[in-house]
Amino acid sequence: MLCFNFRLGTHKAQRRAEVTQAEAEMEPPTAEELRLRLQERLQAEHVEVQDSPQLCQGSFRVFVVSGIFRGLKTLQRHRLVNEALKEELGRIHALEQRTLTPEQWEAERGSLA
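Here is what the cut-offs are and how they apply
Residues numbered from 1 in each chain as written. Predicted model: local features only at pLDDT ≥ 70, side-chain atom pairs only at ≥ 80, totals over all residues. Heavy atoms only, no water. UniProt positions renumbered as here; feature names shortened; annotations may be inferred. Core = buried A, V, L, I, M, F, W, Y, C linked by side-chain atoms within 4.5 Å. Buried < 20%, exposed > 50% of the residue type's maximum accessible area, 1.4 Å probe, protein only. Helix = DSSP H or I, 4+ residues; strand = E, 2+ residues; numbered from the N terminus. Contact = heavy atoms within 4.5 Å. Salt bridge = Lys/Arg side-chain N within 4 Å of Asp/Glu carboxyl O.

- An unreviewed UniProt entry lists the protein under the name BolA-like protein 2, with Serinus canaria as the source organism.
- Of the comments in the UniProt record for the protein, the one headed Sequence similarities (unreviewed entry) reads "Belongs to the BolA/IbaG family."

Pasting the structure below:
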C-alpha cells in the first residue's frame, strides 16, 4: 500500500508538470513571432502584425505584401497565410488578414500621396 501511494503521488506530480507544459504551449504567439514567420514563409516584402488585446488575448491583425499573391483571389491568399502560420493557429484566437501584391500596395500608397 505504501508503494502504491508513492506511485500515485509521483503520477500526480508528473501530471501537474504535463499540465504546466501544456499551458505554456497554449500561450498565444507574439506579434514579432508571427511577423518573422510570415516574412520567411511567404517571402513577404512587407509584414505588419498588430496584437489586438482589446478584443481578447491571442487576437491579431496581419497585413502582408508578397509577390506570391499575384494572380490569387483573396480566399487563396488567406489560405496561404493560414498555411504559413499552421503551427501557431492553435494558439491564435482571432486572425484578421489583409493581403496585397507589391503592385497593389504600390498603387495604394501612390494614391495616398
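From this point, the discussion proceeds with the structure in view.
1. Observations regarding the nonpolar core
Considering soluble globular proteins, one finds that nonpolar side chains tend to be buried as a cluster.
Here is step 1 of the chain: Counting 14 residues, the largest nonpolar core has L34, L38, L42, V47, V49, V64 and V81 as the members making the most contacts within it.
Here is step 2 of the chain: Only α2 (31-41), β1 (46-51), β2 (59-65) and α3 (74-84) provide two or more residues apiece to this core.
Here is step 3 of the chain: The dominant element in this core, judged by the number of residues it contributes, is β2, at 3 residues.
Here is step 4 of the chain: If we ignore the near neighbours within four places in the chain, the residues touching V64 are L38, L42, A44, H46, V47, F69, R98, T99 and L100.

2. Examining the pattern of salt bridges
Here is step 1 of the chain: A full pass over the atoms with the stated rule returns 9 salt bridges.
Here is step 2 of the chain: Among the salt bridges present, the one from E87 reaches R37, with a minimum N-O distance of 3.9 Å. Of this pair, E87 sits in the loop between α3 and β3 (94-100) while R37 sits in helix α2, and the two are 50 residues apart along the sequence.
Here is step 3 of the chain: According to the relative accessible area criterion, R37 is partly exposed, its value standing at 23%.
Here is step 4 of the chain: Where salt bridges share partners, they join R37, R41, E87 and E88 into one cluster.

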